Amino acid sequence: MDQKLQERGPVLFNRQVAEGIYHMSVLVPGIAAAARPGQFVQVMVASEPSVQFLRMPFAVFDVDEAAGSVDICYQVVGEGTEQLTRVVVGDEVDFVGPIGNGWHVPANAKHALLACGGVGVPALKLLADELAAMGARVDVVIGAQTEKRLACVEQFEDSIRDSHGALYLATDDGSTGIKGFVNAVTDELLASHDYDYVAVCGPPLMERSVALPAIEHGVTCEVSMERLMACGVGACLGCVVETKDGLKRCCVDGPVFDASEVVW
Amino acid sequence: MSTVDMCVNVGGLPMKNPVTVASGTFGHGEEFAGFFDVSQLGAVTTKGVSPLPWDGNATPRIAEAPCGMLNSIGLQNPGVEEFCKSQLPWLATQDTAAIVNVSGHTLQEYVQVIERLEDEACVDAYEVNISCPNVDAGGMTFGTDPAQAAEVTTALRALTKRPLIVKLTPNVTDITVIAKAVEAAGADAVSLINTLLGMAIDAKRRAPKLARVVGGLSGPAIKPVALRMVWETYNAVDIPIIGMGGIATGEDAIEFMLAGATAVAVGAANFVDPLASLHVLEGMVAYCKENGVAQVSELIGALEV
Ligand SMILES: Cc1cc2nc3c(=O)[nH]c(=O)nc-3n(C[C@H](O)[C@H](O)[C@H](O)COP(=O)(O)OP(=O)(O)OC[C@H]3O[C@@H](n4cnc5c(N)ncnc54)[C@H](O)[C@@H]3O)c2cc1C
Ligand SMILES: Cc1cc2nc3c(=O)[nH]c(=O)nc-3n(C[C@H](O)[C@H](O)[C@H](O)COP(=O)(O)O)c2cc1C
Ligand code: FES
């Protein structure tokens with residue numbers, strides 16, 4: 001059984017990076033040392049009574065092992081995330097993690113396609129870094145409703161540049177990048193390139209719209225799924241995902257699933 | 001400093017301390033082993049197990065509630081055979097009592113589970129769930145009717161010499177009626193409370209937050225109800241009580257013992273703090289030391305009214 005940690009640490013920064021989207025960094029060295037791409041943390045505000053009973057799951061967006069920090073990037077959608085925005089530097093936040101299986105990067109991947117949208121973007125940043133470090137070419141497609149809601153793009157720039165990959169943006173209203181959904185871009189890319197690994201994270205419909213064509217093209221495709229979670233440790237069975245092999249717990253059997261195993 | 005004697009006995013089940021976990025909130029214990037040594041607990045109570053695998057209800061099956069949560073998991077479990085193969089062996093290696101929570105749709109299904117578990121040497125006690133609000137047949141219907149509650153208890157009593165704990169639902173007018181019925185039918189102990197039937201609505205979508213519409217409320221929100229029911233039950237029966245419902249701190253647990261519980265179970269608090277059960281135990285020990293309590297069992301029903 002993997003060691004899991006409950007760790008409380010001060011907030012290093014918590015800043016708005018796009019409309020309703022925040023980037024927060026917290027000093028939690030134990031989790032920083034253990035986290036792998038695709039894992040997540042269960043978060044609770046520690047400095048004042050939490051407005052919510054349950055913790056909130058957020059992808060590990062970035063890690064600085066030397067500094068001992070873990071970053072998350074979150075979109076304000078309700079009371080819990082609203083409370084997070086009020087946390088200031090030095091306030092304490094409580095993390096449980098790292099949780100989940102993470103991405104299973106094929107050892108020989110040469111050309112990877114990463115597709116994400118909305119709150120799925122943060123889950124792919126460390127994966128892009130790892131793929132680039134392995135020498136794979138990394139193409140990234142990021143979708144958003146509109147330019148003002150597009151966040152975390154610059155964090156992908158290093159790995160895309162270093163790996164000679166390409167960045168594609170898609171917005172529903174065409175305010176930046178291509179006008180349309182993420183799959184408008186990925187459909188074309190899948191048809192014109194020989195990818196050997198596709199990773200997807202975003203709203204369910206978007207995941208489906210990328211995963212099904214990827215499977216059709218015979219490319220190994222992984223998706224990171226979102227479910228409402230209570231325990232985040234595999235105990236409550238609240239977060240199940242329907243797979244061809246029966247119900248799986250999103251929190252510990254996932255959140256990353258082989259797209260061909262998921263019952264879409 | 002002298003140590004506190006934390007031992008208690010729940011209807012023939014000796015526990016090295018009064019703290020266990022509430023069924024369905026702790027898996028079979030292994031899920032929490034990455035956080036702490038679960039052998040420190042007085043007992044581990046497993047997720048409910050039925051004769052055949054159950055898939056449970058559709059998702060979403062959890063929702064936030066003020067000071068708590070709703071769930072409509074619906075007793076998803078791999079079935080008793082798989083449970084004995086892949087979950088129980090791990091629990092057997094832990095130096096803590098194993099209480100297996102038993103569920104069924106029909107009397108016959110409860111019987112099948114216990115018959116199978118009688119073959120497993122490491123099971124220390126049964127907790128019979130006649131109180132689940134999340135299954136259509138069986139579950140809570142057995143727990144709301146004294147005659148049916150007694151019938152299940154009698155049938156299972158005949159099958160085992162192991163401590164038989166019957167888990168009661170708060171979704172009744174008078175819980176003492178059910179408690180007395182299962183006591184008379186041979187239960188060694190009762191545990192209470194299971195979740196309170198509740199509901200959550202998303203006003204924006206004009207839709208229920210749970211796919212099943214209704215679900216069970218747990219967490220600190222239900223503690224006052226649970227305390228009241230433990231107190232009423234303590235005054236109505238002679239068998240021991242495992243008290244639960246919103247316990248999150250050592251002081252909460254002490255309150256349940258004062259109301260009449262012999263042991264306590266930590267439930268939804270495990271989700272917020274994976275170390276909650278350990279913190280409850282530590283808090284109880286600290287309370288005993290501060291208040292000159294040499295044996296924790298002195299506190300059972302010691303409420304001064
Ligand atoms: C593995 C995982 C990783 C995640 N990573 C991120 C991330 O990196 N950045 C980010 O912004 N969000 C992420 N989420 C979603 C995030 O957990 C929720 O948005 C957050 O918990 C909402 O809390 P709230 O109190 O503000 O909203 P609530 O008031 O609880 O809910 C507001 C709305 O959000 C929906 N919602 C709530 N919780 C979840 C959830 N767990 N999954 C999907 N929808 C939910 C509700 O159904 C409701 O419609 C992730 C979720 C999971 C399961
Ligand atoms: C997610 C979840 C699953 C549960 N599953 C079971 C179960 O399988 N069998 C059972 O007897 N009780 C089950 N319960 C009820 C708890 O064991 C306990 O009685 C109840 O939650 C009250 O305690 P709490 O407020 O500390 O959570 C479950 C509760 C929750 C929150
Ligand atoms: S959130 Fe509890 S099992 Fe996944």
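Structural data are supplied above this passage.
First, a word on scope: everything that follows refers to the structure included in this document.

As for empty space enclosed by the protein
Alright, step 1. One pass over the structure, following the stated rule, counts four cavities of 30 Å³ or more.
Alright, step 2. Reported here for the largest cavity is a volume of approximately 450 Å³.
Alright, step 3. Listing elements by their share of the lining of the largest cavity, those giving two or more residues are strand E6 (68-71), strand E14 (214-218) and helix H8 (269-272) of chain B.
Alright, step 4. Computed from the structure, the second largest cavity encloses a volume of approximately 100 Å³.
Alright, step 5. Residue lining of the second largest cavity: 14 residues in total, with Ile21(A), Gly118(A), Val119(A), Val121(A) and Ala151(A) positioned closest to the centre.
Alright, step 6. Counting only elements with at least two residues in the lining of the second largest cavity, the list comes to strand E6 (69-75) and strand E9 (137-144) of chain A.
Alright, step 7. Per-element accounting of the lining of the second largest cavity gives the leading share, three residues, to E6(A).
Alright, step 8. Class assignment of the residues belonging to the lining of the second largest cavity gives a composition of 10 nonpolar, three polar and one charged.
Alright, step 9. Each of domain 1 (5-99) and domain 2 (111-222) of chain A gives at least three residues to the lining of the second largest cavity.

What about the sheet that holds strand E11 (residues 196-199) of chain B?
All names here are of chain B.
Alright, step 1. An order of E5-E6-E14-E11 is seen for the four strands of this open sheet, with the pairing classed as antiparallel. Bordering the open sheet on either side are strand E5 (62-65) and E11, each of which pairs with just one other strand. Taking the axes of each pair of neighbouring strands and ignoring which way they run, one obtains an average angle of 40° across the sheet.
Alright, step 2. Bridge count between E6 and E14: three bridges; the pairing is antiparallel.

Topic: the packing of helix H5 (residues 182-192) of chain A against helix H6 (residues 204-216) of chain A
Residues and elements named next belong to chain A.
Alright, step 1. Put simply, H5 and H6 touch, their axes get as near as 9 Å, and they point 10° apart. The angle between H5 and H6 falls in the class roughly parallel. Across the interface between the two elements, Val-182, Asn-183, Thr-186, Asp-187 and Leu-190 from H5 touch Met-206, Ser-209, Val-210, Pro-213 and Ala-214 from H6.

Thresholds applied
Residues numbered from 1 in each chain as written. Chains lettered and ligands numbered in written order. Predicted model: local features only at pLDDT ≥ 70, side-chain atom pairs only at ≥ 80, totals over all residues. Heavy atoms only, no water. 1 Å grid on protein atoms, 1.4 Å probe; cavity = no way out; pocket = protein on both sides within 12 Å on 5 of 7 lines; lining within 4 Å. Points joined across faces, edges and corners; volume = space filled by probe spheres on them. Helix = DSSP H or I, 4+ residues; strand = E, 2+ residues; numbered from the N terminus. Nonpolar A, V, L, I, M, F, W, Y, C, P; charged D, E, K, R; others polar. Domains from an automatic or database assignment. Pairing = 2+ DSSP bridges. Axes fitted to C-alpha atoms, helices over the stretch in contact; angles between N-to-C directions. Parallel < 35°, antiparallel > 145°, perpendicular 65-115°, else oblique. Contact = heavy atoms within 4.5 Å.

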